[in-house]
Amino acid sequence: MRNVLDSGFDGKVYPVNRNGSTILGHKVYATYAELPEVPDLAIVVIPGAFVLDVLKEIGEKGTKNVVVISAGFKEMGDEGIERENSLIEIAKHYEMRILGPNCLGFVSNNCPINATFGMLSRSQGPLRFISQSGAIASSIIDWSESINLGFDMFVTLGNKAELNENDVLEYWLKSDNFEFDEDKQIKRGLSGYRPVAMYLESIVEGKKFMKLLKKTAEIQPTFVLKPGKSEAAASAMQSHTGSIAGADAVFDCAMEQSGVIRCEGMEDLFDLCRAFSWEKAPEGPEVAVVSNAGGPAVLAADFVSEFGLKLAHVTEKARKNMELQLPVAAALHNPVDVLGDALSGRYEIAIREMMALRDVKSMVVILTPQVMTEIEETAKVVVKLSKEFNKPIVCAFMGGAAINEGEIILNKYKIPNFRYVERALWVLGKMWWWRNKQVQLSNKVVSSLPDLVLVDRLMDRISASQFKGYKSIPSFESNWIMKDWGLPVPALSVVETWEEAKEFGEKNGFPIVLKISSPQLLHKLEEGGVMLNIHDLEQLRKAFDEMSERVMTRQVNGDKDCKVLIQRQVGSGLEVIVGLRRDPVFGPVMIFGAGGTWAEVLGDRNLVVLPVNRNEIQSLVRRSKIYRMLSGYRADKPYDLEKLYDLMMSLCSLMESDSRIMDLEINPVIVGFHDAWAVDGKIV
């Protein structure tokens with residue numbers, strides 16, 4: 001109640017408590033029904049056991065927006081889950097939007113209103129924050145107050161029973177009418193952005209989440225901290241694709257595709273909040289570094305390339321200008337070392353010359369507190385030149401108490417400062433990554449529609465397999481489905497007799513491969529289920545007899561649908577894996593990398609979330625370790641990448657054609673100089 005009143009909210013506030021009396025000078029009403037008008041918003045802060053009855057009263061009164069701060073719901077076990085399900089039903093019945101339960105509430109500095117029981121944040125700024133944790137929300141608010149970083153809106157989600165992150169993102173996209181003017185520069189910073197920061201422990205409706213993130217990140221810096229990296233192994237499926245495309249790897253991929261920066265910890269989150277709220281992203285990777293110490297300057301040179309940036313070129317004119325004004329011992333390349341006895345004036349000369357260069361897109365100013373260092377005056381120089389050149393500057397004023405006063409000045413005028421050189425350059429690298437990604441996000445994905453006859457045939461085959469109780473489609477069926485779909489599958493057949501095997505060999509030629517086909521056997525090689533390099537009828541006869549014995553043994557042991565599959569063996573080429581799995585949050589995900597027995601050995605794991613266009617498929621292949629070989633290593637001929645891209649696009653459309661396909665894999669795809677063959681397909 002005190003937070004609502006102190007936040008500057010100028011509407012009417014009605015306390016409701018069955019004991020009556022007054023609270024903070026306001027008359028208390030015993031029930032919600034007694035209120036003299038219908039409030040726009042109800043904030044529920046009572047024991048969880050009584051919440052449902054109160055929600056019904058609120059619904060009967062006609063209020064449509066509710067914050068349920070109360071705990072005692074699904075976080076408490078079975079009884080709480082049942083209570084939360086009832087809360088959802090009440091919300092549906094009365095058409096109410098509910099934030100929470102078990103949340104801290106929300107803060108809006110636009111309205112303004114602080115509907116939380118947390119610390120009050122009066123500082124207005126551009127940052128928008130979504131948090132699934134009230135404790136992290138409190139720490140962010142406290143930290144932001146200490147550095148004078150303000151908020152536009154802060155929303156805590158709690159259990160996300162009714163409203164979730166997608167609703168908040170959707171609202172912000174619709175209301176993104178941020179106005180920037182000179183009067184607000186000191187309050188809001190120089191960036192002009194309304195950055196979106198998130199702490200999320202779970203994702204609701206992953207496909208919608210990605211769609212909203214792409215729209216958001218296309219116009220505003222967006223970053224997220226999400227724990228739960230250890231869940232990958234538990235969610236893996238029984239195939240190479242499943243084991244490689246774990247849940248956390250998919251989340252990483254989804255964020256990268258959406259133009260969202262993923263934070264590894266709270267420090268990343270704090271640093272990006274400050275940087276994007278106060279500075280605009282650089283327009284290129286070229287950075288200049290000015291330092292009063294050689295060691296940090298050398299470290300900076302290493303970190304520049306590590307974080308996706310590059311040192312800007314210093315022109316001869318700029319070098320000569322600095323040579324006339326700086327000591328002989330100063331280093332005038334990039335990084336520029338103005339030496340340990342540099343006063344603020346020497347810093348100004350070097351920064352001004354470097355910022356004036358067309359090639360310089362951003363600046364890092366490093367300061368170490370030495371005997372003669374003018375820390376506060378140097379901070380004022382940085383502020384002045386930031387306004388003059390309108391290029392992003394980040395600082396690394398290194399130290400403790402000695403640099404405090406300089407940091408206060410930088411914070412006041414919204415210049416991001418970091419205590420370590422690597423943090424300053426990491427942030428700048430992430431800012432450039434986001435700016436560069438904006439161009440890619442504007443390319444829309446257009447999915448091609450498959451032939452409806454093929455879709456019907458596919459659905460019939462899957463239904464037949466399900467009817468027989470299979471978890472996976474038999475190998476011969478999987479390969480025929482893929483061949484039917486238009487994928488380049490070598491000639492194949494199921495054979496039960498020597499005569500049938502002989503006829504296949506005479507018709508299709510040699511070499512030939514024999515395989516065990518069974519819905520119970522996903523990995524045939526480990527079970528002796530593959531016999532390669534059969535070059536004539538004599539070898540075929542011997543191999544067929546051996547494979548028939550293995551099949552009969554499996555049939556006797558209960559694998560009644562086990563069969564011998566014969567296939568034309570394709571020529572030499574590079575083996576790659578192309579697989580898709582249906583992630584429970586984000587939907588179909590494609591994996592590409594080195595295939596065959598190398599799939600797990602090399603760990604060549606490259607992911608992309610569907611839908612995709614051909615450019616994204618090409619980018620996926622280029623990220624792989626096997627790409628150097630595919631594109632023609634040294635003097636070798638390049639392999640047929642266009643045929644590979646065709647195959648991968650067809651596989652994507654197959655995956656998207658039936659939601660019952662959970663896992664789809666070709667391992668290996670053999671890529672030759674003039675073709676690409678899908679030689680071993682699996683469908684789960």
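Not measured: the values here are computed from a predicted model. Each chain carries its own residue numbering, running from 1 in the written order of its sequence. The predicted nature of this model means local features are confined to residues of pLDDT at least 70 and side-chain atom pairs, given and counted, to a pLDDT of 80 or more, with totals for whole chains, interfaces and linings taken over all residues. With hydrogens and water stripped out, all remaining heavy atoms of the structure feed into the side-chain values.

## A short note on the sheet that holds strand β10 (residues 196-199)
Consider a sheet: its strands pair through backbone hydrogen bonds, and that pairing is either parallel or antiparallel. Threshold: Strands are treated as partners if at least two bridges between them are detected by DSSP. Secondary structure elements are defined from DSSP: runs of H or I of at least 4 residues count as helices, runs of E of at least 2 residues count as strands, and each element is numbered from the N terminus. Note on geometry: axes are lines fitted to C-alpha atoms, helical ones only across the stretch in contact, with angles between N-to-C directions running from 0 to 180 degrees. In what follows, a contact means two residues having at least one pair of non-hydrogen atoms within 4.5 Å.
As summarised here, the arrangement of the seven strands in space is β7-β6-β9-β8-β10-β11-β12, forming an open sheet in which the pairing is mixed. Each edge of the open sheet carries a strand with a single partner, namely β7 (113-116) and β12 (261-263). Adjacent strand axes in the sheet meet at a mean angle of 20° when their direction is disregarded. Bridge analysis of strand β8 (residues 124-131) against strand β9 (residues 151-156) gives six bridges, and the strand direction is parallel. Note that in β9 the partner of Ser131 across the bridge is Thr156. Those strands touched by helix α11 (residues 266-278) are β8, β10, β11 (222-225) and β12, and its axis lies near 165° from that of β11.

## Thoughts on a negative patch on the surface
What counts, and what does not: What makes a patch is a set of residues exposed beyond 30% relative accessible area and free of salt bridges, joined within 9 Å when like-charged and within 5 Å when nonpolar (Val, Leu, Ile, Met, Phe, Trp, Tyr). Surface exposure here means Shrake-Rupley accessible area, sampled with a 1.4 Å probe, where a residue is shielded only by the protein chains that are shown. Throughout this description, the term salt bridge denotes a Lys or Arg side-chain nitrogen within 4 Å of a carboxyl oxygen of Asp or Glu. The charge count treats Lys and Arg as positive and Asp and Glu as negative. His and the chain ends do not count. The atoms used to mark charge sites are NZ of Lys, CZ of Arg, CG of Asp and CD of Glu.
On the surface, Glu496, Glu499, Glu500, Glu503 and Glu506 cluster together into a negatively charged patch. Here Glu500 shows up in helix α20 (residues 498-508).

## What to know about the side chain of Ser7
Note the following rule: For each residue, the accessible area found with a 1.4 Å probe, counting protein chains only, is set against the maximum for its type, and the residue is called buried under 20%, exposed over 50%, and partly exposed in between. Polar contacts, as counted here, are pairs of nitrogen or oxygen atoms within 3.5 Å of one another; within protein the pair requires one atom able to donate a hydrogen and one able to accept it, and residues that are adjacent in sequence qualify only if both atoms are side-chain atoms.
Within the fold, Ser7 resides in the loop between α1 (2-6) and β1 (22-23). The buried category is assigned to Ser7, whose relative accessible area is 16%. One polar contact links the side chain of Ser7 to the main-chain amide nitrogen of Asn114, over a distance of 3.2 Å.

## Considering unusual backbone geometry
The step from Cys111 to Pro112 runs through a cis peptide bond, and the omega angle for that step is -10°. Along the chain, Pro112 falls in the loop between β6 (105-108) and β7. Although it is not a glycine, Glu95 sits at a positive phi angle of roughly 55°. With respect to the helices and strands, Glu95 occurs in the loop between α3 (78-94) and β5 (97-99).

## Regarding the environment of Leu580
As for its position among the elements, Leu580 is in strand β22 (residues 574-583). Assessed through its relative accessible area of 0%, Leu580 is described here as buried. Between the C-alpha atoms of Leu580 and Ile683, which are 103 residues apart in sequence, the distance is 9.6 Å.

## Here's the deal with a nonpolar patch on the surface
A cluster of nonpolar side chains, contributed by Met1, Ile23 and Leu24, occupies part of the molecular surface with about 220 Å² of accessible area. Within the secondary structure, Leu24 sits in the loop between β1 and β2 (26-27).

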